[in-house]
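Residue strings, one per chain:
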Amino acid sequence: MAKLDIWCGDNLDFLHKIKSKSTDLIYIDPPFNTGKQQERTQIKTVACQDGDRVGFSGKRYKTIRMGTLGYADIFTDYIEYLEPRLVQAHRILSDEGSLFFHIDCRESHYCKVLLDMIFGRESFMNEIIWCYDYGARSRKKWPSKHDNIFWYAKNPKKYIYNYENMDRIPYMAPGLVGKEKAALGKTPTDVWWQTIVSPNGKEKTGYATQKPIRILERIIKVHSNPDSKLGDFFAGSGSFGAAALACERDCFLIDKNPAALEVMKKRFAGENIQWHRKYKKKVKLTQKIATAEIANETSIVNVTEIATDGIDTGLSIKKVRKTIKKTQVKKVSDKIV
Ligand SMILES: C[S@@+](CC[C@H](N)C(=O)[O-])C[C@H]1O[C@@H](n2cnc3c(N)ncnc32)[C@H](O)[C@@H]1O
């Protein structure tokens, strides 16, 4: 049974800990820097005589707001924020591994330049255009109805690409290709038509910017093997993890937003999940140790606090001692442990 490892915290803190060349496929869908708070409010309607909505045969319904799930998507230093994370992505990718980077036209050009610098221009394999044709249509310019997904192979001469596992799509004019070919369908190009997650469908989690599992399954089937390790460190509602489970692959997911973790908890109930919630506390502990290091000689009280916190968090004394030693507060640590 495939397994998901789920971490809560800033992905940069966690990525450093992943073994180099350990991951065959990374898909990430970072915030797009839309300059907005990304939000989805979930509502429920119940029949009610003086309700605010009218349904079939004039029946009235009351709207109940169930809550809002979202995250801030505003950066003044977007490329600087992405860079160290992409450097880590490159490091942890296996020799035959691939990165899929999901973005839209607002930042795609800058991201492409950054990715070219980290991976090398020759490692750029495709720009996949995901078209969805859904929602409001602007009257002032051509409505934007696509996202961009960049594919980079760590080694452009040798990478996992299971052509035979590609799903097939219907021919536009099946009458022109003969019965057999029409029944088989054709292979997709770099333009993927796929509707967004249906607002009333089963797949919907209510998390803002949730991506459809079908495009992720296509990526996983072609770009990984059954024993591959997969990862998404901007996981959101965990769509990539859901696709990995559907394709029976192990995968790690990271998100720093507790609301995302709550959504994943529901979404993956009953699945083989390893939760690493305490990681957040460990990060806090490390930060405190760094503070102690700066304070240096005057940090005895601080370090005692750090050690207590560490042990409460579930770290062994040995580990606490090691962490303190690592930050070179040696003298003090000898006194307390
Ligand atoms: C566009 S959403 C991902 C949506 C996801 N693909 C899905 O289908 O639900 C981006 C996510 O990145 C998370 N995020 C942003 N910065 C992060 C960071 N430094 N570390 C971990 N997660 C981060 C946000 O909390 C948000 O959930």
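Refer to the preceding data block for the structure.
The structure reproduced in this document is the subject of the present report.

**Here's the deal with the site of the ligand**
- Lining the immediate environment of the ligand, one finds 19 residues, of which Phe 234, Gly 236, Ser 237, Ser 239 and Asn 257 sit closest.
- Taken together, the residues of the shell around the ligand sort by class into seven nonpolar, seven polar and five charged.

**Side note on the sheet that holds strand β12 (residues 273-276)**
- Taken together, the nine strands give an open sheet; going across it, the order is β9-β7-β8-β6-β2-β10-β11-β1-β12, and neighbouring strands pair in mixed fashion. Two strands close off the open sheet at either side, each with one partner strand: β9 (191-193) and β12. This sheet shows a mean twist of 15° between the axes of neighbouring strands, independent of strand direction.
- Of the strand pairs in this sheet, strand β7 (residues 124-131) and β9 are connected by three bridges, and their pairing is parallel. Residue pairing across strands places Cys 131 opposite Trp 193, the latter belonging to β9.
- Each of β1 (4-8), β2 (23-28), β10 (229-232) and β11 (250-255) touches helix α6 (residues 239-246); the most contacted strand, β11, lies at about 170° to it.

**Let's talk about the pairing of strand β8 (residues 146-153)**
- Extensive coverage of β8 is indicated by the burial of six of its eight residues.
- In this sheet, β8 lies alongside β7 in antiparallel orientation, the contact comprising seven bridges. When the sheet's bridge partners are listed, Ile 128 is paired in β8 with Ile 149.

**Focus: the packing of helix α5 (residues 213-223) against α6**
- Packing of α5 against α6 leaves a shortest axis separation of 9 Å and a crossing angle of 55°. Our classification of the angle between α5 and α6 gives oblique. Of the two possible hands of crossing, α5 and α6 adopt the one that is right-handed. Of the residues in α6, those touching α5 at Ile 213, Leu 216, Glu 217 and Ile 220 are Ser 239, Phe 240, Ala 242, Ala 243, Ala 244 and Ala 246.
- Tallied by class, residues from the contact of α5 with α6 come to eight nonpolar, one polar and one charged.

**Side note on helix α3 (residues 108-119)**
- Relative to the 16 Å expected for twelve residues at 1.5 Å per residue, α3 spans 16 Å between its end C-alpha atoms, a close match to the ideal helical length.
- Within α3, the full set of buried residues consists of Cys 111, Leu 115 and Phe 119. With its buried residues spanning 50° around the axis, α3 presents them on a single face. Projecting away from the buried face of α3 at angles above 90 degrees are the exposed residues His 109, Val 113 and Met 117.
- Elements that come into contact with the buried residues of α3 comprise α2 (78-92), β6 (93-103) and β8.
- Looking at the residues trailing α3, positive phi occurs at Gly 120, about 95°.

**A few points about unusual backbone geometry**
- Look at Lys 21: it is not a glycine, yet its phi comes out positive at around 60°.
- The topology assignment puts Lys 21 in the loop between α1 (11-15) and β2.
- Looking at Lys 21, the number of C-beta atoms within 10 Å reads 14, which means it is partly exposed.
- Positive phi, normally seen in glycine, also occurs at Glu 248, with a value near 60°.

**Considerations on the packing of α2 against α3**
- It is at 10 Å that the axes of α2 and α3 come closest, and there the two elements cross at 35°. By crossing handedness, the relation of α2 to α3 is classed as right-handed. Listed contacts from α3 to Ile 79, Leu 82, Glu 83, Leu 86, Val 87 and His 90 of α2 are Tyr 110, Cys 111, Leu 114, Leu 115, Ile 118 and Phe 119.
- For the contact of α2 with α3, the residue count by class is ten nonpolar, one polar and one charged.

Reading guide: rules and limits
Residues numbered from 1 in each chain as written. Predicted model: local features only at pLDDT ≥ 70, side-chain atom pairs only at ≥ 80, totals over all residues. Near = placed C-beta within 6 Å. Nonpolar A, V, L, I, M, F, W, Y, C, P; charged D, E, K, R; others polar. Pairing = 2+ DSSP bridges. Helix = DSSP H or I, 4+ residues; strand = E, 2+ residues; numbered from the N terminus. Axes fitted to C-alpha atoms, helices over the stretch in contact; angles between N-to-C directions. Contact = placed C-beta atoms within 7 Å. Buried ≥ 20, exposed ≤ 12 C-beta atoms within 10 Å, placed from the backbone. Parallel < 35°, antiparallel > 145°, perpendicular 65-115°, else oblique. Left-handed = near helix turned anticlockwise from the far one by under 90°. Expected span 1.5 Å × (residues − 1). Arc of directions from axis to C-beta.

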